[in-house]
Every structure is written in structure tokens, then in C-alpha cells.
Amino acid sequence: MFQKYDVIVVGAGHAGCEAAAAAANMGSEVLLITMNLQTLAQMSCNPAMGGIAKGQIVREIDALGGYSGIVSDASMIQFRMLNKSKGPAMWSPRTQNDRMLFAQKWREALEQTQRVSFYQDMVKEIIIKDGKAEGVVTGMGHRIDSRAVILTNGTFLNGVIHIGEKRFGGGRVAEKAAEGITEQLVSLGFQSDRLKTGTPPRVDSRSLDFSKMEEQKGDDEIVGFSFLPTKKPTSQVSCWISYTDTAVHDILKTGFDRSPMYAGRIEGTGPRYCPSIEDKISRFSERDRHQLFIEPEGWNTAEIYVNGFSTSLPEEVQYEALKRVPGFEKVKFFRPGYAIEYDFFPPTQLDYTLETKGVKQLFFAGQINGTTGYEEAACQGLMAGMNAHLSIKKEMPFILKRSDAYIGVLIDDLISKGTQEPYRMFTSRAEFRTLLRQDNADLRLTETSYQLGLAGKERMELMLNKKAQVSSLQEMFKATAIEPDEINPYLTSKKSAAITEKQRLEKIILRPSVDLQGMRQSSNRVDELLRSYSTEAIEQAEIQTKYQVYIDKEKDLVQKMKQLEELEIPQQFDYQRITSLGSEAREKLHKSRPRTLGQASRISGINPSDVQILMVFMGR
């Protein structure tokens, strides 16, 4: 039945879909295996993409030639650019999405991708020969051969679902767990552990009173994620905000004795930054209310996602508590919230390519590595797919540094530090976030991806055109002088000092209170100067002009860090013979096997003096 494939991808969530698309678009024959093709690219939790730091990741995926940005744009029902009141390093795009349409668009994209084949079955075993992955064995007993295997199992590895005192196996509600893979990998020497995540109740919008909630509309300007010209919606759907109170909390507390978390039935660690409602009440007891985001699930459905009310309490407690929330007095449930516990493999067992150290040509991506979130999973899938293809072709791996992309930060954090709880990306994790903005992801990444064969010609041409326009604009800002009467009315309206003589446009742009969009609306002269340039190029040129000092400082810091990043440590380096290192440092370095001194410096417990000692020995 089956040919020998280049790459087999196990699991068709966000990581699996991006992995399959990337490897296939680079030229590999790919088989995507999933237990249920009807749930391909399912949004298992909230119907949204992007957000703080996550939006930057989606734009990076898109710049590299992935599909997440295109699919998100095609299925969005609302768009917002978060943190616009802050500097551009913090701006983060976010979409609300039609859950059904999102999965449909992903499937269409994959079915239109040459060299991607599909098969519905459970994978129970990896075929390993001479320390190398060579295919899989399925639950139906099929042996399928390949040259590389990518595991993107999500929450399905020995998944257990908890609702109050009820406990049953599953990777999602109504979907069975996957068994066999954890046990096999542990027998080969891999370390596994357990994590927990949760989801809130879904409710019927027809039973809610939205007049008691705060409306949250989308932005007037829909930017979207993709750097390609995608079609944007002509209208948007509002989200809503409501709040819990002490009465809601008191009802929830009545179920704590039956909570699987507090009764000790859940062993796995839950996500710190997306806690359950019972966890919020317990950890933040001083707060008398918590915010809830009421998120529609699509254009043509009454189903609502109650963001902020993730819970595994008994159904009747969930229901009674939610009825006390303003607007929810007559609420009807579609389904209750639940917690899910699953196996993961601490990511310190991986190389930067996401290939496992223990078995060659075996790659892990997504929640199997301890991350949480669609975006974190998708970018790992993309990188695993690219590197699986490059490994098969015996070409140099594709590795992003911390100064290259948020994706580089995420993978370096996982490989260097590991994680004891579901990992979530934040802007604060990126020390070079002024360089890693969402607006310049294409300028940072598209050319490299194009050279590797993933990003297409259209992307490359768009990026080069934008780059040329930005350069032209910056030169124009320096060369063009503005007369006082051409700009003073605008400056006065912004309470900025009027000019008394001609002044270069660049100098005016540097003023903190002014922006080019406002200048265009107030000055015919400025509008005339900018008319032939794209909105994206104008925004990019303005950011680079305004923040050039900070950008240059970060670039200098990157150069200083580069020395450590380029000093490679031999793979078989004997740390035990460096007696001047403490025993903890020797143990952690021996276990982690860092690739460079830069990576060694980021291992938890390794201090600057340890790095200096290593540098001395490296010099010898």
C-alpha cells in the first residue's frame, strides 16, 4: 500500500501541518498520519491566533514560507494590533478566527501542496535501526518506511481527561489517546514527564445577555499576518468582556474538594501564564474579580469560547458559578471545561534542529517538547520540517539564533534550559526584541528561506520591493526640507514646537509625538512625497528612522554576543576533567552538551565565571 517516504509526520495539529507543508515544499515526499483527518488543524482551545509575542511568531512563520499566517487571514473574523500605545517592538497582531473555516483552509492548503499524502491511523511505534528512525508501525499493523520521522503528538500521548471526579483517556474530548510511543522511547533511554493544560466551557450565545458586557471591536485597519496580499474581511465580529466576582468565586470553591488538581489526581504541571479559574482564585486570593473574554467561534455559529474560565471542576459547579457572571444568568452549555494531562519529553534531549540526540532522523515538534499554544507549536513544526528535509539531503541545517527571530529564542530556551511547565512565548523572553519586530519579519527571514527553497519567488520579490522602498524613503527623509507653513499646523495640533525655518523631514519624524500618518493628513506636501510608496514601506521607514539609535545599540550587543555564539564546543568535550568548575556546572554541562559557549551561558545554574573557565580551556 505504501511507498517509502522521505518524511513521515505523526499528528496533524498546528505543528504537524506546518512540518508537512515545509518538508514537501522543499522537495520531500511527505506522509501526514493522523488518527482523525476530520480534525486536521483543529483549534483545540481558543479560536484565535497571535497575541503578545505569538503574533510575531506567526509573522515569522509567514516570512519563512509557512501557512499559518495565510490560513489565519483567510479565516479571521476580527483583527487587532495589540500594544499600539507602546513602542513598535511590542506591537503584536492577533486575529479571532472561525474555527471551522480555519481547519478547512488548512486542509485545502495541504491538499493543494504537491508531495503531501495523507493517511488516517494511529502510530504506535517508531521503526529504529542502528540508532536511526526509518519509519513507523501503525495501530492497524502497517509498516511504513521513511528516511525521517517527525513526532507532533500534541496532548495525545497517554492523554487523560479530567472533569471533577471523572477521569478517562483521551487526547481531546471524544478522541482517544495515543499509546505505545512513550513506552518505546523511554525503553530507548529517553526521559518523559507529564504536563497539564485545560480548556473552558463552550456556551450558547443565544442564552447570553450582551448588554451587560463590554464590547470589544476589531481595529478599523486590518493588517493581518501574511506578507502576501491576502483577502481581508469586509466586516468584523465583536468580542465581549465580563467579570467574575466574589459570589462566583465562593461557588467555585465549593467544588475544590472534588477538583482533580487539588485532590492530587493530576500529576502534571499546568501552564503558569494561562491558569485555570480555580488556580486564579487560589493563587490570587486578594483579587475579588477576574476578567473573562467572550469569544465567538465563527461567522455562523452560536458557540462561544469563555476565555479566562478554564476549569476542570465538576460540571454542575462550572454551571452554577458561570450563571452568576453578568450576562450569563440564563447560560446554556454546549460542553463543559476540562483538564487534560499528557506525556512530553523534556526538550534538552534535542539538538537545535529539533532532531533528538538519542535517535537520528527523529524530530520532535510542538507540545511533545513542553510548549503550549498554536503559534509555538506551528513554528517548531516548520523548523522540524525544514531540517528533516535538509538532513535527508545531507545539507547544512537551518538554525535561527536568538538575534534572528522569536523562533530562535523559543528553540534556544527549550534546548538550553528545558521546561518544567508548559512554555509560552513572551516579548520579555527576547533580549533583542527591538530588532525582532513583527513588521520586519520578512526583511529578517525571507531571503534565507528563499535560498533554502521554501519561501517562494512572489515573497522574495515583495520583500525586495519593500526593502528598496524603505531605503528610498530614508534617503528622501534626509534630503527633503519642509517649510514651516507646510508642517506647523500639524505640529501645533500635537503640542510640538513649531519650526521657524526649513527643516529636514528626518528631524521632524524624530519628534516623539509626531507620526507620518498624521503628517500626511495635515500636510499636502508630505502626502505628495509619500503617495508613491506602500503603507508597509512607509511604516517600516518611519520605525527605522525613529528608533535607529536603539536599533544600533541592539546590533552592537548582538555583535558582542556573537563571539560566544561562534565558539563551538566539541561534542565529546570532557567537562569532568575541568576541576575548576563546580560539580553542579560539570554535571549540567555534561548532561546538556551545549553546542556553543553562548548556549552554555544560558543553561540554568551556569554562571559567568563558569563560562570564563570554559573559554580558557577552549583557548588551550
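Look up a bit, the structure's there.
Since this is a predicted model, take the numbers as computed values, not measurements.

J.: I tried to follow the sheet that holds strand β3 (residues 48–50) on my own but got confused; where do I start?
T.: One key point about sheets: their strands pair by backbone hydrogen bonds, in either a parallel or an antiparallel sense. In spatial order, the strands read β3-β5-β4; together these 3 strands make up an open sheet with antiparallel pairing. Lying at the two open borders of the sheet, with one neighbouring strand each, are β3 and β4 (76–82). Between one strand axis and the next, the sheet turns through 15 degrees on average, direction left out of account. One ladder, built from 6 bridges, connects β4 with strand β5 (residues 92–97); its direction is antiparallel. Paired with Phe-79 across the strands is Thr-95, a residue of β5. Packing of helix α3 (residues 68–75) onto the sheet brings it into contact with β3, β4 and β5, and relative to β4 it is tilted by some 115 degrees.

J.: It is not clear to me how the nonpolar core should be interpreted in this structure. Could you clarify?
T.: Nonpolar side chains in soluble globular proteins generally cluster together in the buried interior. Core analysis: the largest hydrophobic core is formed by 98 residues, its most contacted members being Leu-151, Leu-362 and Ile-407. If you tally residues by element for this core, the top one is helix α9 (residues 374–392), at 11 residues. With sequence-adjacent residues up to four places away left out, Leu-362 is seen in contact with Ile-126, Ala-133, Val-149, Leu-151, Leu-185, Phe-190, Leu-354, Glu-355 and Thr-356. Of all hydrophobic cores here, the second largest spans 22 residues; its members include Val-470, Val-514, Leu-516 and Ala-537.

J.: I'm lost on the pattern of salt bridges in this one. Help?
T.: Pairs may arise between side chains of opposite charge once their charged atoms sit close together. One pass over the structure, following the stated rule, counts 36 salt bridges. Between Arg-444 and Glu-60 there is a salt bridge, with the nearest N and O atoms lying 2.9 Å from each other. Of this pair, Arg-444 sits in helix α11 (residues 441–452) while Glu-60 sits in helix α2 (residues 54–64), and the two are 384 residues apart along the sequence. On the basis of relative accessible area, Glu-60 is assigned to the buried category, the value being 0%. Residue Arg-258 is joined to Glu-316 by a salt bridge in which the shortest nitrogen-to-oxygen separation is 2.8 Å. Taken together, the positions of Arg-258 in the loop between α6 (246–253) and α7 (277–283) and Glu-316 in helix α8 (residues 315–322) put the pair 58 residues apart, joining distant regions of the chain. A relative accessible area of 23% places Arg-258 in the partly exposed class.

Cut-off values and rules
Residues numbered from 1 in each chain as written. Predicted model: local features only at pLDDT ≥ 70, side-chain atom pairs only at ≥ 80, totals over all residues. Heavy atoms only, no water. Pairing = 2+ DSSP bridges. Helix = DSSP H or I, 4+ residues; strand = E, 2+ residues; numbered from the N terminus. Axes fitted to C-alpha atoms, helices over the stretch in contact; angles between N-to-C directions. Contact = heavy atoms within 4.5 Å. Core = buried A, V, L, I, M, F, W, Y, C linked by side-chain atoms within 4.5 Å. Buried < 20%, exposed > 50% of the residue type's maximum accessible area, 1.4 Å probe, protein only. Salt bridge = Lys/Arg side-chain N within 4 Å of Asp/Glu carboxyl O.

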